[in-house]
Each structure stands twice: as structure tokens, then as C-alpha cells.
Amino acid sequence: MRPFVLAVAGGTASGKSTLADAIKAKLGSRALSITHDLYYKTAPPKLGDGRLYNYDHPDALDSILLAEHLGDLKRGQGVVLPRYDFVTSVQVLNATPVEPRPVILVDGILILAEPILREHFDFVVFVEAPDDVRLGRRVRRDTTDRGQTLDYVLDQYLDTVKPMHDEFVAPSVKHAHIVLDGTKPVDGLVETVLKRVRGKCENCGGGGSVCDGPGDRLLVDCPRCEGHGHTFRVLP
């Protein structure tokens, strides 16, 4: 049985990575977690006109490589994940070898903006939070954990983060199966996601007479019920 790919998307500091990490912790060794951040391309030399490098545009990430890795993992093949050094702004290829797991978690702000990635996702969660909440979280994170100045964080947010969110991230919510509130306790969000991917088809009950459930197969849409329900059965 091929792995089930669960995508967790949302804007910066929305709570998506926290949710993805919590789902991974819940599933343990049954899940492999991959973040889109690993696939940042090496940044060019500092721009001389005062502009900040745009890490929030889809072109900043090697989504083609991530799509290739997801395809290999779904075929049962191991891959070697890259790593991005945020200190030197350099992508390190062939950094971490991994093997397929029953569930592959993919998270990132731009994963739904790329059609070549969306085609690999079996179920998509979008985590949203108000702009002021996300900005506050980002300021706290980047000044405390990443050593950035408040001025830098605010300039980056206004120059690239917010415009790219409005252009690419926010519209991509239309590709999600469920939208969750990133201000809510994460334990409850985890249970909401797992409940959805455990459920039988809402239309035919997953009894097997109409759809393919309720065995070990995991499908987003009931193939004979025209998307009325789901037959997710692989997560205990």
C-alpha cells in the first residue's frame, strides 16, 4: 500500500508547523515529516538597492525536487532530503536519507500554490489565523529564536511576507479539504484532523457495496459517491 500524503498549509506563523509537529508526535514512527523549508534554493548575494530577498515567492523554493521526492516515496523508494542553512542562505543537497512511512506529512506556506505538489496530496489541511496574531508570533519567533532585529522583521513582513501571502498563500485555501483555526489549542486540532482521516464514507457508510472502503485503502473522495464522503481507514 502506498503512503498517504497529508499536507498542512497556511500563512506564516499561522500554527501550521505546530500542527504538523503535533500530528507527527501522535503518529510516531508511522509518519515521515517533510517541511517545504528544506527546499529553499541558495539565495543570491545581498541585493544592493536595499531590497530584501523574497523568501515568500514560490520561485524561492525547489518545488520540482520536492515533487520528485514525493513521487519516489509514494512508489516505495527512499530519498535523500536537502537541508537549508538559514545562517549562510545555502541549500545543502543530499543531507538526510529517509525511507517511506505509511503517512507522509508535508507542511509549508506555499505547498498549495504549486500544482506539481498538489497532485501528490491525498488530504489537505489549511491553518489560518488573523494577520495581527501571525505578525505578533513572527516577531516573537524571529527576534527570540533567529536573532533578527525588530526593524528587519517588520521590513521583511511589509516588503515580501504580507504581499506574497495575499497573492499566493491566502488564495490557495481553496485547495484545502478542511480549514482550521490556528488560535485554537493544538491538541483539539490534531483530533479534528485524525477524525476526518479515520472516518467512513458519509454517503454510503464505507460498507464496500458502493465505495472501496472500509479496508486498508485510503482515498480522499469516495470513488463511486462523487466526492460525498471519504474512506480513510489507515490511521488507527
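None of these values were measured; they are calculated from a predicted model.

Caption draft 1: Representation of helix α1 (residues 16-27). Helix length check: α1 (12 residues) gives 17 Å between terminal C-alpha atoms against 16 Å at 1.5 Å per residue, within 8%. Along α1, the positions that sit buried rather than exposed are Lys16, Leu19, Ala20, Ala22, Ile23 and Leu27. The arc that holds the buried residues of α1, viewed along the axis, is 165 degrees, so those residues lie on one side. Of the residues trailing α1, Gly28 is marked for its positive phi of about 60 degrees.

Caption draft 2: A look at the sheet that holds strand β6 (residues 123-128). With parallel pairing, 5 strands are arranged side by side in an open sheet as β2-β5-β1-β6-β7. The two strands at the open ends of the sheet, each matched to only one other strand, are β2 (31-35) and β7 (178-181). Taken over all neighbouring pairs, the strand axes of this sheet differ in orientation by 20 degrees on average, direction set aside. Summarising the sheet, β2 and strand β5 (residues 103-108) pair through 5 bridges and their orientation is parallel. When the bridges of β5 are listed, Leu32 appears paired with Ile104.

Conventions used here
- Residues numbered from 1 in each chain as written.
- Predicted model: local features only at pLDDT ≥ 70, side-chain atom pairs only at ≥ 80, totals over all residues.
- Heavy atoms only, no water.
- Helix = DSSP H or I, 4+ residues; strand = E, 2+ residues; numbered from the N terminus.
- Expected span 1.5 Å × (residues − 1).
- Buried < 20%, exposed > 50% of the residue type's maximum accessible area, 1.4 Å probe, protein only.
- Arc of directions from axis to C-beta.
- Pairing = 2+ DSSP bridges.
- Axes fitted to C-alpha atoms, helices over the stretch in contact; angles between N-to-C directions.

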